[in-house]
Amino acid sequence: MSDTTVRVAAVQMDVELGNNAGNRKRILDKLSETAGNGAQLVVFPEAAFGGYCFSSLSDSEPFAESADGETAQRFSERCQELGVTGV
């Protein structure tokens, strides 16, 4: 068995509730920053795109995106461009 080193970045960030576009920009910027610092795996907070402190399901629904929506596509594209895995 060979030793393999994977450089991991855990991103701690303020997620702005319901601000998908702003959160997406911060996430894409953090991907670039961490990749530039050598990270190969970049881990973001749970529900980083839209937030996770909504009062109810109905409050969150206007901010929901499909799994293949704009945010997911741009996240995936940026990861591919940078050669990193993001979760």
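Residues numbered from 1 in each chain as written. Predicted model: local features only at pLDDT ≥ 70, side-chain atom pairs only at ≥ 80, totals over all residues. Heavy atoms only, no water.

Visitor: An account of the nonpolar core is needed here, citing residue identities and associated values.
Guide: Ile 27, Leu 31, Val 42, Phe 44 and Phe 75 are the most contacted members of the largest nonpolar core, which has 14 residues in total. Those elements that place two or more of their residues in this core are helix 1 (20-36) and helix 3 (70-82). In terms of residue count, the dominant contributor to this core is helix 1 (four residues). The residues touching Leu 31, leaving out its near neighbours within four places in the chain, are Val 42, Phe 44, Phe 75, Arg 78, Cys 79, Leu 82 and Val 84. (Core = buried A, V, L, I, M, F, W, Y, C linked by side-chain atoms within 4.5 Å. Buried < 20%, exposed > 50% of the residue type's maximum accessible area, 1.4 Å probe, protein only. Helix = DSSP H or I, 4+ residues; strand = E, 2+ residues; numbered from the N terminus. Contact = heavy atoms within 4.5 Å.)

Visitor: Any chance you could break down the sheet that holds strand 3 (residues 85-86) for me, citing the residues and the numbers?
Guide: Ordered by their spatial adjacency, three strands build an open sheet running 1-2-3, and the pairing between neighbours is parallel. Both outer strands of the open sheet, strand 1 (8-10) and strand 3, are each paired with one neighbouring strand and no more. Examined bridge by bridge, strand 1 and strand 2 (residues 41-43) share three bridges and lie parallel to one another. Residue pairing for strand 2: Ala 10 is matched across the bridge by Val 43. (Pairing = 2+ DSSP bridges.)

Visitor: Now, about unusual backbone geometry: what can you tell me, with residues and values included?
Guide: The bulk of non-glycine residues show a negative phi, and the bulk of peptide bonds are trans. Even without being glycine, Ala 47 reaches a positive phi, approximately 55 degrees. With respect to the helices and strands, the residue Ala 47 is situated in the loop between strand 2 and helix 2 (57-60).

Visitor: So what's going on with the environment of Pro 62? Residues and values would help.
Guide: In this structure, Pro 62 sits in the loop between helix 2 and helix 3. Taking the C-alpha atoms as reference points, Pro 62 and Gly 18, separated by 44 residues in sequence, lie 8.4 Å from one another.

Visitor: Mind laying out the pattern of salt bridges, listing which residues take part and the relevant values?
Guide: A full pass over the atoms with the stated rule returns six salt bridges. Arg 24 is the salt-bridge partner of Glu 70, the closest N and O atoms lying 3.7 Å from each other. Remark: Arg 24 occurs in helix 1 and Glu 70 occurs in helix 3; sequence separation between them is 46 residues. A network of salt bridges, in which partner residues are shared, links Arg 24, Glu 70 and Arg 74. (Salt bridge = Lys/Arg side-chain N within 4 Å of Asp/Glu carboxyl O.)

Visitor: Tell me about helix 1, residues and numbers included.
Guide: Taking 1.5 Å per residue as the helical rise, helix 1 with its 17 residues ought to reach 24 Å, and the 24 Å between its terminal C-alpha atoms agrees with that figure. Listed as buried for helix 1 are Asn 20, Gly 22, Asn 23, Arg 24, Ile 27, Leu 28, Leu 31, Thr 34 and Ala 35. On its buried face, helix 1 sits against strand 1, strand 2 and helix 3. (Expected span 1.5 Å × (residues − 1).)

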